[in-house]
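# Coordinates in review
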Amino acid sequence: MIQTVAKILEQTIESELTTVEITALLEKPKHQHLGDLAFPCYTLAKKFKQAPQQIAQAIGEKIKHPFIQDVQIVGGYINFFVNQSAVTQQVLTNIVCSKDNYAQVENNGQRIVIDFSSPNIAKPFSMGHLRSTVIGNALANIAQKNGYEVVRVNHLGDWGTQFGKLIVAYSLWGSKESIEKAPIQELLKLYVKFHDEAEQDEALNVKARAAFKALEDQDAEAITLWEWFKRVSLEEFKGIYDQLGIQFDSLEGEAFYNDKMQGVVEELNAKQLLTVSDGANVVELDDMPPCLITKQDGATLYATRDLAAAFYRQKQYSPEKIFYVVGNEQTLHFNQFIKVIDKMGYTWAKQLQHVPFGMMLKDGKKMSTRKGRVILLKDVLDEAVQTAKQNIQDKNPALQNMEEVAHQVGVGAVIFNDLKNYRLNDIEFSLEQMMNFEGETGPYVQYTYARISSILEKANFTPSNIDLMELEKQAWPAILCLQDYPKAVKEAFEQVDPSIVAKYVLQLARAFNKYYGNTKILVEDSARESRLLFCYCVATILQDGLKLLGLKSPSNM
Ligand code: ARG
């Protein structure tokens, strides 16, 4: 609509301003009685050295277009009242013709790497990792919808001194059977025990360092153990990814960069960026603490691996951007190593972007999957599915594929709860709230979709005749919303914020339900086809929006 009005204006004022300039000036009036769009004439007034009101009057008189029902001049503004049935016709036709491709931007030949999820081997998959997984996946879908090719990278935490500790702990106290049974739980126990014992016994730390050194030197026995820890941990993570319906293009974790760090260290050296501080090699930075590159014993660090990873990805994928979807407690780390790349003289440093997010809270406190009260993520998801099942059983006891739907609704509720708020906000984890079929929830949107699906099914509807549009006035807010979908998709990408899409689907569902509450859709009158077509379009966009966020849309629930 905004484009069409901008074009009409551009032609009327004979290209004094470009469509882009006009689009930027067009406003949405605060009140419906002021029209659908308003154009302030102050810029033009300056150009022509005339009063804005005079200009508005002159332009307003010239505007004649089938799309515009009425034009009113208020002060220096031209208020446009669009022809609702023409707009409706246009919007619905667009959706029917493009279906899932509505709002899909053509491939722009550019690539984006998204580094997300990235749990640590032998440690529980934390709430932070869940947030990273859910946000990263949605961003990946949104970037694709905006025309980018996306590389989904899981930068597994599979290297570091903790593996020395684990190897020692396992050789002292471990049992193969119990690890096979519950890998991460057992490995975590060993890790905790190691720390307890090492407080008394410094020799353990010495052993652990030696074990890690052996691992770094590719000692066969150490490597075999490490590979085993990694395999069993990944199997457990895979259960979570399957539940969430998430896949990666690359599982190249920290260990992958073992043979790629030397080059970076040498280059830093050659560029005279390394200084020695307490025996360690660091890069001094202006307005933040130095970035640690190698320890006294030559061991590399988390930052060294991220440096190597950035160079590798740059070479391998030539990306337009790399997003690192990682909690805001790692902000300093990202600022540091990105600054190091900048200091090395690489302009692509500014294409690396940390995408931070807030914490998951339960009853206002940080939800932790570690320490004493271990909450396993798998249990959290299972509980969500159970709750969904109870809710659905109450509403629809005869539902055929109950298990599958309960899964889609339970997991969907967790994902939506995460994505509906701006990512930097902390979010509260309340099963009861996120599962509410009437609230601002995933189930609410899914339920709206299912409701429409069953109407369409009852009518045995397939879209055909779209020439004739007779739709009730009450549909107008939802039509405007449908029209805005491409804008929401674009903004979500530009602001790197999936909550824009989540809020969008909520708004569309709400607008539809208002209409639905006032209208008998299936009544056999002349407008029935139009109503059904409208329903079909709302369902199409709800489904597409949910898919971007990573939710399924069951057609019955
Ligand atoms: N494994 C890390 C952690 O759990 C997150 C890794 C994030 N990605 C990265 N390239 N640093 O804290």
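Going by what an unreviewed UniProt entry lists, the protein is known as Arginine--tRNA ligase and is assigned to Solibacillus palustris. Under the UniProt heading Subcellular location (unreviewed entry), the note attached to the protein is "Cytoplasm". The Catalytic activity (unreviewed entry) field of the UniProt record for the protein holds the comment "tRNA(Arg) + L-arginine + ATP = L-arginyl-tRNA(Arg) + AMP + diphosphate".

## Focus: the UniProt feature "short sequence motif: 'HIGH' region" (unreviewed entry) in the protein
UniProt marks residues 119-129 with the feature "short sequence motif: 'HIGH' region" (unreviewed entry), using the numbering shown here. Within the segment residues 119-129, helix and strand shares are 27% and 0% respectively, and the terminal C-alpha atoms sit 6 Å apart.

## Quick notes on the UniProt feature "domain: Arginyl tRNA synthetase N-terminal" (unreviewed entry) in the protein
As annotated by UniProt and renumbered to match this structure, "domain: Arginyl tRNA synthetase N-terminal" (unreviewed entry) occupies residues 3-82. Secondary structure content for residues 3-82 is 44% helix and 21% strand, while the C-alpha to C-alpha distance between its ends is 12 Å.

## Observations concerning the site of the ligand
Neighbouring the ligand are the residues Asp 115, Ser 118, Asn 120, His 155, Gly 157, Asp 306, Tyr 324 and Val 326. In terms of residue class, the shell around the ligand is built from two nonpolar, four polar and two charged.

## Here we look at the domain arrangement of the protein
Domain boundaries in the protein define domain 1 (2-82), domain 2 (160-250) and domain 3 (377-549). Looking at the side of domain 2 that touches domain 3, its residues break down into two nonpolar, two polar and no charged.

## Digging into the packing of helix H7 (residues 162-173) against helix H10 (residues 202-216)
Packing of H7 against H10 leaves a shortest axis separation of 7 Å and a crossing angle of 110°. In terms of axis orientation, H7 runs roughly perpendicular to H10. Pair H7 / H10 crosses with right-handed handedness. Residues Phe 163, Gly 164, Lys 165, Ile 167 and Val 168 of H7 lie in contact with H10, whose contacting residues are Leu 204, Lys 207, Ala 208, Arg 209, Ala 211, Phe 212 and Leu 215. Class assignment for the residues of the contact of H7 with H10 results in eight nonpolar, one polar and three charged.

## A short note on the confidence of the model for the protein
Any segment with low pLDDT has predicted coordinates that should not be analysed in fine detail. Looking at the protein as a whole, its pLDDT mean stands at 93, while 98% of the residues score no less than 70. Overall fold confidence (pTM) sits at 0.93, and the ipTM for the predicted complex is 0.99.

## What about helix H19 (residues 476-483)?
Taken residue by residue, H19 has Ala 478, Ile 479, Cys 481 and Leu 482 as its buried positions. For H19, the angular spread of buried residues about the axis comes to 160°, placing them on one side. Looking at the buried side of H19, the elements it contacts are helix H5 (84-98), helix H20 (485-494), helix H21 (499-518) and helix H22 (528-549).

## Thoughts on the environment of Val 355
The residue Val 355 is located in strand S10 (residues 352-355) in this model. You can call Val 355 buried: it has 22 C-beta atoms within 10 Å. With near-sequence residues (within four places) excluded, Val 355 lies in contact with Phe 323, Tyr 324, Val 325 and Val 496.

## Here's the deal with the pairing of strand S2 (residues 68-74)
With six bridges connecting them, S2 and strand S3 (residues 77-82) associate as antiparallel partners. Bridging across to S3, Asp 70 finds its partner in Phe 81. As consecutive antiparallel partners, S2 and S3 are separated by two residues, and within that stretch Gly 75 has a phi angle of approximately 60°, a positive value.

## Remarks on the sheet that holds strand S13 (residues 427-428)
Across the sheet, three strands lie side by side as S12-S11-S13; this open sheet has mixed pairing. Looking at which strands have only one partner, the edges of the open sheet turn out to be strand S12 (365-366) and S13.

## Overview of the environment of Ala 138
Mapped onto the secondary structure, Ala 138 falls in helix H6 (residues 127-145). Looking at Ala 138, the number of C-beta atoms within 10 Å reads 26, which means it is buried. Counting along the chain gives 42 residues from Ala 138 to Val 96, while the straight-line C-alpha distance between them is 25 Å. Setting aside chain neighbours within four positions, we find Ala 138 in contact with Leu 419, Pro 498, Leu 548, Leu 549 and Gly 550.

Procedures and definitions
- Residues numbered from 1 in each chain as written.
- Predicted model: local features only at pLDDT ≥ 70, side-chain atom pairs only at ≥ 80, totals over all residues.
- UniProt positions renumbered as here; feature names shortened; annotations may be inferred.
- Helix = DSSP H or I, 4+ residues; strand = E, 2+ residues; numbered from the N terminus.
- Near = placed C-beta within 6 Å.
- Nonpolar A, V, L, I, M, F, W, Y, C, P; charged D, E, K, R; others polar.
- Domains from an automatic or database assignment.
- Axes fitted to C-alpha atoms, helices over the stretch in contact; angles between N-to-C directions.
- Parallel < 35°, antiparallel > 145°, perpendicular 65-115°, else oblique.
- Left-handed = near helix turned anticlockwise from the far one by under 90°.
- Contact = placed C-beta atoms within 7 Å.
- pLDDT = per-residue confidence, 0-100.
- Buried ≥ 20, exposed ≤ 12 C-beta atoms within 10 Å, placed from the backbone.
- Arc of directions from axis to C-beta.
- Pairing = 2+ DSSP bridges.

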